[in-house]
Amino acid sequence: MKRISLTQYLVEEQRQHHSIPAELRLLIEVVGRACKTISHSVGKGALGEVLGALESENVQGEVQKKLDVISNEILLEANEWGGHLAAMASEEMEDIHPIPNRYPKGEYLLVFDPLDGSSNIDVNVSIGTIFSVLKAPEGMTEPTEKDFLQPGAKQVAAGYALYGPQTLLVLTTGNGVNCFTLDREMGSWVLTQRNMQIPAKTKEFAINASNQRHWHAPVQRYIGELLAGSTGPRGTDFNMRWIASMVADVHRILNRGGVFMYPADNKDPSKPGRLRLMYEANPMAFIVEQAGGMATDGKKRILDIQPEKLHQRVPVFLGSRDEVALVTSYHQEAV
Ligand code: AFP
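These numbers were taken from a predicted model, which means no experiment stands behind them.

(A) Layout of the pairing of strand β8 (residues 167-172). Within β8, six of the six residues are buried, which leaves the element mostly enclosed by the surrounding structure. Neither face of β8 is open: one carries Thr167, Leu169 and Leu171, the other Leu168, Val170 and Thr172, and all of them are buried. Direction of pairing for strand β7 (residues 157-163) relative to β8: antiparallel, over a ladder of six bridges. If you follow leucine 162 over to β8, its bridge partner there is leucine 168. What sits between β7 and β8 in their antiparallel hairpin is a turn of three residues. Of the strand pairs in this sheet, β8 and strand β9 (residues 177-183) are connected by five bridges, and their pairing is antiparallel. What sits directly across from leucine 168, in β9, is threonine 181.

Quick look at the structure:
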């Protein structure tokens, strides 16, 4: 494949699909640059005093890792002066972050999980950054949380960076999913996978099986059949993977298929699962659907959910279409 940069790809997309106006192209390039900086910090590990936890907790009541805060700061500082955004929101901040008055405001809203997979940072397992781009509502003057509460189907772009053996940027603007590899010598994102497609069928599933006793009946039934393998109704054996970094699990699924699940369970009935709708489920659902996969909350398409709160959680079933359709049908039968 002819090697082209992220910038050239975005310019060509604009020419071909008119789907990436200059402001959105600038936004994506700025986020890409910020992810390069995060990758550099992550890569320092113990040499950069970036490991370990802080005394503070985030809005989720979770202990913040140093790199959570560093990554959040990098994304805020990179994006606030460019004039392409009206406001930002992050897993690491309770409230939205309007663009300071000293800078011009643009027509986009950026939502992100600056470092997903924090429990893997100190043990050198792949982690990532997840981001989602929405348009600010027409006529919006002072941005509020309400302006962010748009269904995932309204996203104009979504992507993730994966900080692993390679540093990758996976992106969709609504015309398929493409992957860029960071050329560390040149400091540029290079297109390395075009139009990624998730196989409809798979023999691999991803779930935190330690929660098994808390699962609702449809998940018990579905996973029970996978575990029964060739001795059960599926008539074939399945494999399991769980990295506990959603970005890494989703990237594996984009490359070789699979079904990723973080269901609601009885462990904490007040929480409908662990994952957050605005900056984990929605961007990943957009990417998965653009790659021919499927993403539901067990009952309905994730991208159709009308958000009520910025940090709301949602059950997630995403990946290979046939498997997501099956586990979703078990939920619908159970109603
Ligand atoms: P952290 O960022 O707190 O590590 O959470 C990561 C995550 O949100 C998602 O990336 C994983 O798929 C999921 O949580 C792992 O959850 P468990 O630790 O319960 O398996």
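There's more to say after this.
(B) Representation of the sheet that holds strand β4 (residues 97-98). Read from one edge of the open sheet, eight strands run β4-β3-β5-β6-β7-β8-β9-β10, paired in mixed fashion. Of all the strands in the sheet, just β4 and β10 (188-193) have a single pairing partner and so form its edges. Along the sheet, helix α1 (residues 6-17) makes contact with β8, β9 and β10, crossing β8 at roughly 10°. Along the sheet face, helix α3 (residues 66-79) touches β3 (85-90), β4, β5 (108-116) and β6 (127-135) and points at about 155° away from the line of β5.

(C) Layout of the UniProt feature "binding site: substrate" (unreviewed entry) in the protein. Taking the numbering used here, the UniProt-annotated feature "binding site: substrate" (unreviewed entry) corresponds to Asp116, Gly117, Ser118, Ser119 and Asn208. Cross-referencing the annotated residues with the lining of the largest pocket gives Asp116, Gly117, Ser118, Ser119 and Asn208. Mapped onto the fold, glycine 117 is located in the loop between β5 and β6. Its relative accessible area of 9% is what places glycine 117 among the buried residues. In this structure, glycine 117 is in contact with Ile127, Ala244 and Ser245, ignoring residues within four places of it in sequence. Topologically, serine 119 is positioned in the loop between β5 and β6. For serine 119, a relative accessible area of 53% translates into the label exposed. When residues no more than four places from it in sequence are discounted, the contact partners of serine 119 are Lys65 and Ala244.

What counts as what
- Residues numbered from 1 in each chain as written.
- Predicted model: local features only at pLDDT ≥ 70, side-chain atom pairs only at ≥ 80, totals over all residues.
- Heavy atoms only, no water.
- Buried < 20%, exposed > 50% of the residue type's maximum accessible area, 1.4 Å probe, protein only.
- Helix = DSSP H or I, 4+ residues; strand = E, 2+ residues; numbered from the N terminus.
- Pairing = 2+ DSSP bridges.
- Contact = heavy atoms within 4.5 Å.
- Axes fitted to C-alpha atoms, helices over the stretch in contact; angles between N-to-C directions.
- UniProt positions renumbered as here; feature names shortened; annotations may be inferred.
- 1 Å grid on protein atoms, 1.4 Å probe; cavity = no way out; pocket = protein on both sides within 12 Å on 5 of 7 lines; lining within 4 Å.

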